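Here is what each chain is made of, one letter per residue.
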Amino acid sequence: MKQLIKKLVEATGPSGYEDNIRNMIVDEIKTVADDFKIDALGNLIVRKGQKSADGMRIMLAAHMDEIGIIVTHIDENGFLRFAGIGGVFPFHCIGSRVEFLNGQVGVIYQEDLGSREKVAPLQKMYIDIGASSKEECSVKIGDVAVFQRPFTDLGNRLVSKAMDDRIGVAIEIEVLKQLKDSPHEIYFVFTTQEEVGTRGATTAAFGIDPDLGIAIDIAPTGDVPKDRRSALKLAAGPGIKVKDTGMISDPRVVRSLVNTAEAANIPYQMEILLMGSTDARAIQIAKSGVPVSCLSIPTRYAHSPSEMVDYNDVQNTVKLLTAYLCKPINLSL
Ligand code: CO
Ligand code: ZN
């Protein structure tokens, strides 16, 4: 799966501009899907299977978009001011490089604050694209960019920008390829605009009207020096989400995922996220409501240009989801 992961994480796709990454995913799924379509918000909705007597209509969601920046102002000397698209933190920005959709690369730095110890807010940062005047800029107000950082394979640990949530995208593709027989009608959805408020999943869930929903997304670990905000650890298995700030998972779905993991001997962890939410929230409150949970890939340094995941967790998430989807799901156990 590493080749697929490298390809997906290095693609450029800030929220609202998912065309590149979506085309890449279409290439991967077109021969294994029963059918697929792209809706008005740009979600890629891929169906596999028909609902049988003991099956459900299930929506899976992994978001294609990634955090990025948008140009808000260009000064006489060709320096760009910008705002974040999604959760962009100033301390990840200084010295980082961004890549615009036209391939133009720029360096982010901050105004002189009189101290090297201080990190400026985004409004006091700028992007230098090597232009010396406004006229020379190949980039215009309203243009968008993503952080630029190549995929690095550290063996068990994989590092890149946009693991959030291309790792979820890779997992969905892999499950779609591996799943042979299933009683369910499964919609593998690759959503847009998650990082700005789960907007793609909102319309996709309305259209699909599923009986059950599972998002696949990253969640931050607490297994780094002096960090106890999360009990999640790398290499201890996929997280099964209990709660985040936007959603409480349906306990029946949580239990059915735990039962599947235990029956198949797949390691897992209970996951509680103290800041943020996922596409599962949008599915849960779609139409008249849907039972949902989320499988969380434990991730260090979330929303930085160097997000780190463990390859075993990735493979175990594929195993868990495949085992879950290949037989009837009993929510009353
Ligand atoms: Co995110
Ligand atoms: Zn995410």
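Residues numbered from 1 in each chain as written. Chains lettered and ligands numbered in written order. Predicted model: local features only at pLDDT ≥ 70, side-chain atom pairs only at ≥ 80, totals over all residues. Heavy atoms only, no water.

**Concerning the overall build of the chain**
Stage number 1. The secondary structure content of the chain amounts to 7 helices and 18 strands.
Stage number 2. Overall, the chain is about 65 × 45 × 40 Å in size when its C-alpha atoms are taken along their principal axes.
Stage number 3. Scored against the burial criterion, the 333 residues of the chain give a buried share of 55%.
Stage number 4. Contacts spanning at least 24 positions in sequence make up 75% of the contacts within the chain whose residues lie at least 6 apart.
Stage number 5. Per element, the accessible surface of the chain, about 14200 Å² overall, is 52% carbon and sulfur. (Helix = DSSP H or I, 4+ residues; strand = E, 2+ residues; numbered from the N terminus. Buried < 20%, exposed > 50% of the residue type's maximum accessible area, 1.4 Å probe, protein only. Contact = heavy atoms within 4.5 Å. Areas by Shrake-Rupley, 256 points an atom, 1.4 Å probe, with all protein chains shown as cover.)

**Focus: the coordination of the zinc ion (ligand 2)**
Stage number 1. Coordination sphere of the zinc ion (ligand 2), protein contribution only: His63 (NE2), Asp164 (OD), Asp217 (OD) and Asp217 (OD), at 1.9 to 2.7 Å.
Stage number 2. For the zinc ion (ligand 2), the 4 donor atoms in the first shell make angles of 51 to 145° at the metal, a pattern classed as irregular.
Stage number 3. Of note, the zinc ion (ligand 2) draws all its donor residues from one chain, in the sequence arrangement H-x100-D-x52-D.
Stage number 4. Separating the zinc ion (ligand 2) from the cobalt ion (ligand 1) is a distance of 3.2 Å, and Asp164 supplies a donor atom to each of them. Note that His63 is positioned in strand 3 (residues 57-63) and Asp217 in strand 13 (residues 212-220), a separation of 154 residues in sequence. No difference in accessibility class separates His63 from Asp217, as the two residues are buried. (Donors = N, O, S within 2.8 Å, 3.2 Å for Na, K, Ca; no water. Tetrahedral: all angles 85-135°; square planar, octahedral: opposite > 155°, others 65-115°.)

**Some details on the packing of aromatic side chains**
Stage number 1. The final tally for this structure, using the stated rule, is 2 aromatic pairs.
Stage number 2. Seen in terms of ring centroids, Phe79 and Tyr126 are 5.2 Å apart; in terms of plane orientation they differ by 70°. Their pairing is edge-to-face. Taken together, the positions of Phe79 in strand 5 (residues 79-85) and Tyr126 in strand 8 (residues 125-128) put the pair 47 residues apart, joining distant regions of the chain.
Stage number 3. Ring centres 6.0 Å apart and planes at 10° place the aromatic pair Phe89 and Phe91 in the stacked group.
Stage number 4. Sitting over the ring of Tyr311, Lys2 keeps its end group 5.0 Å from the ring centre.
Stage number 5. Its end group placed over the ring of Phe206, Lys287 keeps NZ or CZ at 4.7 Å from the ring centre. (Phe/Tyr/Trp six-rings, centres within 6.5 Å; stacked < 30°, edge-to-face > 60°. Lys NZ or Arg CZ within 6 Å of the ring centre and 35° of its normal.)

**Observations regarding the coordination of the cobalt ion (ligand 1)**
Stage number 1. All of the protein donors around the cobalt ion (ligand 1) are Asp164 (OD), Glu195 (OE), Glu195 (OE) and His303 (NE2); their distances to the metal are 1.9 to 2.6 Å.
Stage number 2. Positions of the donor residues of the cobalt ion (ligand 1), expressed as sequence spacing, correspond to D-x30-E-x107-H.

**A short note on the sheet that holds strand 5**
Stage number 1. Reading around the barrel, the 6 strands line up as 4-5-8-7-6-9 and close back on themselves, with antiparallel pairing between neighbours. This sheet shows a mean twist of 45° between the axes of neighbouring strands, independent of strand direction.
Stage number 2. Two elements, strand 7 (residues 105-110) and strand 8, share 4 bridges in a ladder whose sense is antiparallel. Bridge pairing in strand 8 links Tyr109 to Tyr126. (Pairing = 2+ DSSP bridges. Axes fitted to C-alpha atoms, helices over the stretch in contact; angles between N-to-C directions.)

**A closer look at the domain arrangement of the chain**
Stage number 1. For the chain, the assigned domains read domain 1 (2-66 + 161-325) and domain 2 (68-147).
Stage number 2. Contacts between the two partners involve 13 residues from domain 1, matched on the other side by 14 residues from domain 2.
Stage number 3. Our count for the contact surface shared by domain 1 and domain 2 stands at 0 salt bridges.
Stage number 4. At the junction of domain 1 and domain 2, the tally comes to 2 residue pairs in polar contact (both at pLDDT 80 or more). (Domains from an automatic or database assignment. Salt bridge = Lys/Arg side-chain N within 4 Å of Asp/Glu carboxyl O. Polar contact = N/O pair within 3.5 Å; in protein donor to acceptor, adjacent residues only side chain to side chain.)

**Some remarks on the environment of Asp35**
Stage number 1. Along the chain, Asp35 turns up in strand 1 (residues 35-38).
Stage number 2. We classify Asp35 as partly exposed; its relative accessible area is 36%.
Stage number 3. It is 9.8 Å that separates the C-alpha atoms of Asp35 and Tyr187, two residues lying 152 residues apart in sequence.
Stage number 4. Among all residues touching Asp35, those that are not within four sequence positions of it are Ile45, Val46 and Arg47.

**Topic: the nonpolar core**
Stage number 1. If you look at the biggest cluster of nonpolar residues, it comprises 54 residues, and the most contacted ones within it are Ile5, Ile25, Leu60, Phe188, Phe190, Leu321 and Leu325.
Stage number 2. Take this core: its biggest share by element is 8 residues, from helix 3 (residues 163-178).
Stage number 3. Apart from residues no more than four positions distant in its own chain, Leu60 is found in contact with Glu172, Ile186, Tyr187, Phe188, Val189, Ile214, Ile216, Leu321 and Leu325. (Core = buried A, V, L, I, M, F, W, Y, C linked by side-chain atoms within 4.5 Å.)

**Section: the pairing of strand 7**
Stage number 1. Residues Gly106, Ile108 and Gln110 line the buried face of strand 7, whereas the alternating positions Val105, Val107 and Tyr109 sit on a face that is not buried.
Stage number 2. Alignment of strand 6 (residues 97-100) against strand 7, held across 3 bridges, turns out to be antiparallel. When the sheet's bridge partners are listed, Glu99 is paired in strand 7 with Val105.

**Focus on unusual backbone geometry**
Stage number 1. Cis geometry marks the peptide bond from Asp164 to Asp165; its omega dihedral reads 5°.
Stage number 2. Among the secondary structure elements, Asp165 is positioned in helix 3.
Stage number 3. One non-glycine residue, Ala235, lies in the positive phi region at around 70°.
Stage number 4. As for its position among the elements, Ala235 is in the loop between strand 13 and strand 14 (239-244).

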